[in-house]
Amino acid sequence: MKTIGIDASALLKANPTGVENYARLLLGEMMKTPLQEGESVVLYARGEQPSDLGLPAGWTWKALPFWFPKGWTHFRLAKELFQHPVSVFFSPAHEVPLATGSAKVVTTVHDVVFAKYPKLYSPLQNIRQRAAVKHAVRVASKILTVSANTKRDLMSLFKASEEKIIVTHLASSIEPRSVETKAGEKYFLYIGRIEEKKNVGLLVEAFRQFKELMPAGDTTKLVLVGGIGYGGERILGAAQGFGDAKPLHLGYVPNEEIPGLYAGAIAFVFPSHDEGFGLPILDAMKMGTPTLVSDIPVFHEVAGSAAEYASPNDATAFAVKMKALVENPALRSSLSLRGMAQAEKYSWTDTARLTWHALRSV
């Protein structure tokens, strides 16, 4: 009998983003694959199974209550794995319990940007993430990375063995449709945390310069969607005096409203210093929204020739590209068609297949 234990904490997240969406989409796709003879899966979380979550045969949910706000992974989950051993333990994030009993460990490392750009994170974030990745590299039998770029970083910065690592690209789950948006008729869109890592400060400055390049009375807006991360308050505060170039910050927007925002945008702009993958880019392309992104290796890996690129250190370059996107319908149409074709190259079916291969190979 082979039992696979999975940290399913993300399925209880009220407002899922990033890693939580990855876990939700991956597990949903994995449930479509019939278990092999003798296999079973246990999903662990600190709360009860969601009422709208149906589990296929062989899958069970185990609630592990814990009365403290922090420490569930390293104490309560670790205790469960010690008391009731499983064959394989899978963490969809790189936070692996300090102890996993006799289980072989498979985990996903989404990025190691903190190790390349430590100043983009708080000191506490740096310490915690570095410790988590070092522990994951040490104990995992297999490591999933969401891009070849992250695989290279993991090998270079954390000396991870190449034989351990399997690249499992992400995919878009967005359903192309047009929904009326509260953002207005003419706007650039950004979706992600408002933080230093995402380089939102440069985007805000680029939009200010874009407005100076445009004729007086131009009504184009910059719409920011996402919660506040490290440095976010400073970034938004600095834009308060920008007049009609001040961005519109919508905060967190539910997943079901996101397609409409993409559909109405002139272009999606994503100027990150670095990413593990950059799933919002793929979502934008799936919707046929032109994309303008940082000229960095991981975005070339994901978007190929289907996006416009500008240096993440050059606000003026972004501003000039934004102006070109407004004024050139043929460019927007070409990017839209190329983007939709590029997005079709990725599928959660492939991601789930590779994940099952990793789990079964250990």
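Located above this text is the structure these notes cover.
Just so you know, these numbers come straight off a predicted model, no measurement behind them.

Caption draft 1: Broad picture of the nonpolar core. One finds Met30, Phe188, Leu189, Leu224 and Tyr262 to be the most contacted residues of the largest nonpolar core, which totals 89 residues. The biggest single contributor to this core is helix α6 (residues 200-213), with seven residues. Residues in contact with leucine 224, not counting those within four places in the same chain, are Tyr190, Ile194, Val200, Leu203, Val204, Leu236, Pro247, Leu248, His249, Leu250 and Gly251.

Caption draft 2: Region of interest: the sheet that holds strand β12 (residues 291-294). Taken in spatial order, the six strands make up an open sheet running β10-β9-β8-β11-β12-β13, and their pairing is parallel. The open sheet has two edge strands with one neighbour each: β10 (248-251) and β13 (308-310). Averaged over all pairs of adjacent strands, the angle between strand axes in this sheet comes to 25 degrees, irrespective of strand direction. Summarising the sheet, strand β11 (residues 267-270) and β12 pair through three bridges and their orientation is parallel. Its bridge partner being in β12, valine 269 is matched across the sheet by leucine 292. Here α6 sits on the sheet in contact with β8 (187-191), β9 (221-225) and β11, set at roughly 165 degrees to β9. Where helix α11 (residues 315-327) meets the sheet, it contacts β8, β11, β12 and β13, and its direction lies at approximately 170 degrees from that of β12.

Caption draft 3: Representation of the packing of aromatic side chains within the structure. Enumeration according to the criterion identifies eleven aromatic pairs in this entry. Relative to tryptophan 356, the ring of tryptophan 59 lies with its centre 6.3 Å away and its plane at 90 degrees, an arrangement referred to as edge-to-face. You can see tryptophan 59 sitting in strand β3 (residues 59-63) and its partner tryptophan 356 sitting in helix α13 (residues 348-361), a full 297 residues away along the chain. The same class applies to tryptophan 59 and to tryptophan 356, which are both buried. Plain terms: the ring middles of phenylalanine 114 and phenylalanine 158 are 6.1 Å apart, the flat faces sit at 55 degrees to each other, and that makes the pair tilted. Here phenylalanine 158 lies in helix α5 (residues 148-158) and phenylalanine 114 lies in helix α3 (residues 113-116), a separation of 44 residues in the sequence. When its relative accessible area of 0% is taken as the criterion, phenylalanine 114 is described as buried. In this structure an aromatic cluster arises from ring pairing among Tyr190, Tyr262, Phe268, Phe270 and Phe299.

Basis of the calculations
- Residues numbered from 1 in each chain as written.
- Predicted model: local features only at pLDDT ≥ 70, side-chain atom pairs only at ≥ 80, totals over all residues.
- Heavy atoms only, no water.
- Core = buried A, V, L, I, M, F, W, Y, C linked by side-chain atoms within 4.5 Å.
- Buried < 20%, exposed > 50% of the residue type's maximum accessible area, 1.4 Å probe, protein only.
- Helix = DSSP H or I, 4+ residues; strand = E, 2+ residues; numbered from the N terminus.
- Contact = heavy atoms within 4.5 Å.
- Pairing = 2+ DSSP bridges.
- Axes fitted to C-alpha atoms, helices over the stretch in contact; angles between N-to-C directions.
- Phe/Tyr/Trp six-rings, centres within 6.5 Å; stacked < 30°, edge-to-face > 60°.

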